[in-house]
Amino acid sequence: MKVLTVCGLGQGTSLILKMNVETALNEKNIKADVEHMDVSAASSTPADYVVTSSELADSLKDHSGKVVIVKNYFDMEEINQAVEENFTSS
């Protein structure tokens, strides 16, 4: 499974989100390749899931992967809940 974590510039916040999503996935024994990037690159990068903010989700509405919205990239409780509700192991 491939997961993209996305912020506006693809630098700091998407990297933090990547690390937190990896932690949440690992805790649930879900194997995934997680990459962080900016919204422009993400729009043309194939993936099963895209984790991003509600502000950027509209830019990714045509993405082939499932877009998962996270309000706070630092909130592990929210990220764990998003993973539990949206991801399936494969």
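See the structure printed just above.
Because the structure is predicted, anything quoted here is derived from the model rather than measured.

Participant: Is there a simple way to think about the sheet that holds strand β2 (residues 33–38) in this case?
Facilitator: Through backbone hydrogen bonds, the strands of a sheet pair up, either in parallel or in antiparallel fashion. On the basis of which strands lie adjacent, the open sheet formed by four strands has the order β2-β1-β3-β4 and parallel pairing. The open sheet terminates on both sides in strands that have one partner only, identified here as β2 and β4 (66–69). Averaged over all pairs of adjacent strands, the angle between strand axes in this sheet comes to 25°, irrespective of strand direction. Note that strand β1 (residues 2–7) and β2 share six bridges and pair parallel. Its bridge partner lying in β2, Thr5 is registered against His36. Along the sheet, helix α1 (residues 12–27) makes contact with β1, β2 and β3 (49–52), crossing β1 at roughly 145°.

Participant: For this particular structure, what's the right way to read the nonpolar core?
Facilitator: Looking at soluble globular proteins, one finds that nonpolar side chains tend to be buried together. Within the largest apolar cluster, 17 residues are counted, with the highest numbers of intra-cluster contacts made by Val3, Val21, Leu25, Val51 and Phe87. At the level of secondary structure, the elements contributing two or more residues to this core comprise β1, α1, β3 and α4 (76–86). Here this core takes four residues from α1, the largest share from any one element. The residues touching Val21, leaving out its near neighbours within four places in the chain, are Val3, Thr5, Val51 and Ile79. Listed in part, the nine residues of the second largest apolar core include Leu4, Ala42, Ala47 and Leu56.

Procedures and definitions
- Residues numbered from 1 in each chain as written.
- Predicted model: local features only at pLDDT ≥ 70, side-chain atom pairs only at ≥ 80, totals over all residues.
- Heavy atoms only, no water.
- Pairing = 2+ DSSP bridges.
- Helix = DSSP H or I, 4+ residues; strand = E, 2+ residues; numbered from the N terminus.
- Axes fitted to C-alpha atoms, helices over the stretch in contact; angles between N-to-C directions.
- Contact = heavy atoms within 4.5 Å.
- Core = buried A, V, L, I, M, F, W, Y, C linked by side-chain atoms within 4.5 Å.
- Buried < 20%, exposed > 50% of the residue type's maximum accessible area, 1.4 Å probe, protein only.

The quantities given are spatial measurements derived from coordinates; they are silent on function.
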